[in-house]
Amino acid sequence: MANTALNKPAAKGGSFLLESPTPQDVFTPADLSDDQKLIGQTTEEFVLKEVLPVVKDLEAKKPGLMAGLCRKAADLGLMGPGIPEEYGGAGLDNIATTVLTEKISMYGGFSITQSCHAGLGTVPIVDFGSEEQKTKYLPKLASGEYIGAFALSEPQAGSDARNTLTRAELNKEGTHYILNGQKSWITNGGFADLFIVFAAVDGEKLTAFIVERKFPGCKPGSEEHKLGIHGSSTTPVFLENCTVPKENVLHEIGRGHVVAFNTLNVGRFRIGAKCVGESKHILMNASKYSKERKAFGKQIGEFGLIKEKLAEMAIQIFAAESMLYRTAGDMEAATNAAEHSGNEAQNVLKVLEEYAIESSIAKVYGSEMLDFVVDEAVQIFGGYGVHEDYPVCRAYRDARVNRIFEGTNEINRTVIIQTLLKRATGGHLPLIPAVKKLAAEIHAGASKEETPEGVLAEEARVIANAKKMFLQAAGGAVQKFREKLAGEQELIGALANIVMEIYAMESGLLRAQKAAGSQGEAAAAVMIDAARVLIADAAERVHHEAKRAIAAVHEGDMLMTQLAVLKRFGEGPTVDTIALRRRIAAAVQSQDRYPFEKR
Ligand SMILES: Cc1cc2nc3c(=O)[nH]c(=O)nc-3n(C[C@H](O)[C@H](O)[C@H](O)COP(=O)(O)OP(=O)(O)OC[C@H]3O[C@@H](n4cnc5c(N)ncnc54)[C@H](O)[C@@H]3O)c2cc1C
């Protein structure tokens, strides 16, 4: 593919905090190939024609309907995007899979079913399976003959997933493992044919197993009654002397945590894609309604406070989408580079681990963005927003769980900072030299900054200073608390928020600059507006979070000095965000959809 971002070495995970990439270094949605766009169109058409018309029946759990839809989707290659073609899958790259995941997500009940099957239920076999396991199971998963599921959680082990009580013992003939325990909250549990089950061999060594529903002792329970995603199936799975052939151990005994956590990295990234897709659909509904509904003799969409909501929805989607495709591009470039070197399984692992920070960001930012979008959509619909006959009501309920599963957003915030620090202390990311360099710069006093030039040049300076604010806050926190920092969760939360805002701001900035470079500033004007509002607001949030962090670390004169430095880094241009949001809202309303996606 002739794309500059993909032809360069992939950015290292977390390096966005320390480096200053150019627009040509990042992949953006405008860089999608025709094939990738076609995959998006095919997926969207499938959802519009096959899924949305039967939502009521899906919500009522009409027997066989969801499984039948999955098989129809499989006929189009939508259920096995990441399964290599040699095993009957679509063999899509990271970017095309992201497009597919986004476009399949207009209805939460179906998208969670598909993503659990194609992600959590399939990825472990693709990435960690033996040749025999791949040959036996992947063609069935790709064709939809088998629906996949992932069984990690237990009643006492959700976030604390390693606290598994499910045990596996080898039988005395040495042919089968006997599994006993209970798994809870298992998506697709009602009809899945295959479960990736995690159990502790001899009560100690966490291990992944491929368990077929038909194996003796595998007993899925009855449906849970949930707040939302009613179309999806969620059940417990009871393992009562469940007999699993020894050959169905996935990867290695005692390495279940590696399978689980790396699969969850993929899952987290895809939740980000799912949230972007879902939110675009909601924005479309909200914009249409803003023109249908009248109050005080006007369309409600003519009121400034409604316009402001539509604009902010578009801006937050823009931020999440820009990060998503930037990361997908880096993952693809890293995958391509890894394919040319050494052991395949090791390479896959390396890529999954490399982008753990960005995957957690996609999940946390995406799910919080979607919650904001559905909440504002309900508000735009007024009373009808809480009526089940209107689509935003269901979307509001469906969205909430994204902040809970695949690692709650609290857990993922800690993952962002812990992974960052691990990479820094392991010498993979030069965070410590950057903190020292900044300290020397602060010590030397303020130097005269050059006046920036070019599209969004002032915003680029704001982002460079936001990175300094992060280094200042994180450097102080690490120096004070050292190995005890993990216990300072509120501080870690503030730092994680800064990291996410920086990735969002910079991804939006580089995308808008790239668009201005290729289409001209006039054609990219609304996107430039969105980037300006995003950066103006996010920079203030960064300043606020950094101030909180610094106040928790320093006191007395040192605190005053640190706050004075922070104030300097926090200075930015005053932007008329009200006027900019009006222009963005007009772009949304003129097409009744998210305005930054070419059709
Ligand atoms: C609809 C649905 C579908 C699901 N599908 C699956 C599936 O297919 N497979 C599967 O294995 N699991 C699945 N899950 C389970 C899901 O992964 C867990 O619910 C999730 O990991 C949280 O665990 P928990 O519910 O036990 O909450 P808890 O772990 O009890 O957490 C409760 C609260 O405490 C917080 N908390 C916990 N530990 C910490 C900490 N160290 N620091 C700060 N805060 C903390 C959490 O963030 C949360 O706010 C699903 C859940 C739901 C609701």
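Residues numbered from 1 in each chain as written. Predicted model: local features only at pLDDT ≥ 70, side-chain atom pairs only at ≥ 80, totals over all residues. Heavy atoms only, no water.

### Points about the site of the ligand
So, step 1. Near the ligand lie 18 residues; those nearest to it are Ser153, Ser159, Trp185, Thr408 and Glu410.
So, step 2. In the model, an oxygen atom of the ligand is placed 2.6 Å from a nitrogen or oxygen of the Ser159 side chain.
So, step 3. Starting from 960 Å² of accessible surface for the ligand in isolation, the protein chains cover 67%.
So, step 4. Mapped by element, the contributors of at least two residues to the shell around the ligand are strand E3 (176–187) and helix H14 (409–425).
So, step 5. The element contributing the most residues to the shell around the ligand is E3, with three residues.
So, step 6. Here the residues of the shell around the ligand sort into nine nonpolar, six polar and three charged. (Near = heavy atom within 4 Å. Polar contact = N/O pair within 3.5 Å; in protein donor to acceptor, adjacent residues only side chain to side chain. Areas by Shrake-Rupley, 256 points an atom, 1.4 Å probe, with all protein chains shown as cover. Helix = DSSP H or I, 4+ residues; strand = E, 2+ residues; numbered from the N terminus. Nonpolar A, V, L, I, M, F, W, Y, C, P; charged D, E, K, R; others polar.)

### Focus on helix H9 (residues 256–292)
So, step 1. In a regular helix each residue adds 1.5 Å, so 37 residues correspond to 54 Å; H9 covers 53 Å between its end C-alpha atoms and thus fits that length.
So, step 2. The element H9 is extensively covered by neighbouring structure, given that 31 of its 37 residues are classed as buried. (Expected span 1.5 Å × (residues − 1). Buried < 20%, exposed > 50% of the residue type's maximum accessible area, 1.4 Å probe, protein only.)

### What about the nonpolar core?
So, step 1. Of all hydrophobic cores here, the largest spans 120 residues; its most connected members are Ile361, Tyr365, Leu420, Phe470, Leu495, Val499 and Met505.
So, step 2. If you tally residues by element for this core, the top one is helix H10 (residues 304–339), at 18 residues.
So, step 3. Beyond its immediate chain neighbours, meaning those up to four positions away, Val499 contacts Phe16, Leu17, Ile361, Ile416, Ile417, Leu420 and Phe470.
So, step 4. Ile83, Leu138, Ala151 and Val258 belong to the second-largest nonpolar core, a separate cluster that totals 46 residues. (Core = buried A, V, L, I, M, F, W, Y, C linked by side-chain atoms within 4.5 Å. Contact = heavy atoms within 4.5 Å.)

### Here's the deal with the side chain of Asn497
So, step 1. Within the secondary structure, Asn497 sits in helix H17 (residues 489–519).
So, step 2. Note on Asn497: relative accessible area 18%, which makes it buried.
So, step 3. Sequence-distant contacts of Asn497, defined by excluding residues within four places in its chain, comprise Arg413 and Glu545.

### Points about the environment of His443
So, step 1. Structurally, His443 is set in helix H15 (residues 431–444).
So, step 2. Accessibility expressed as a relative area gives 73% for His443, which makes it exposed.
So, step 3. A C-alpha to C-alpha distance of 61 Å links His443 and Tyr137, two positions 306 residues apart in sequence.

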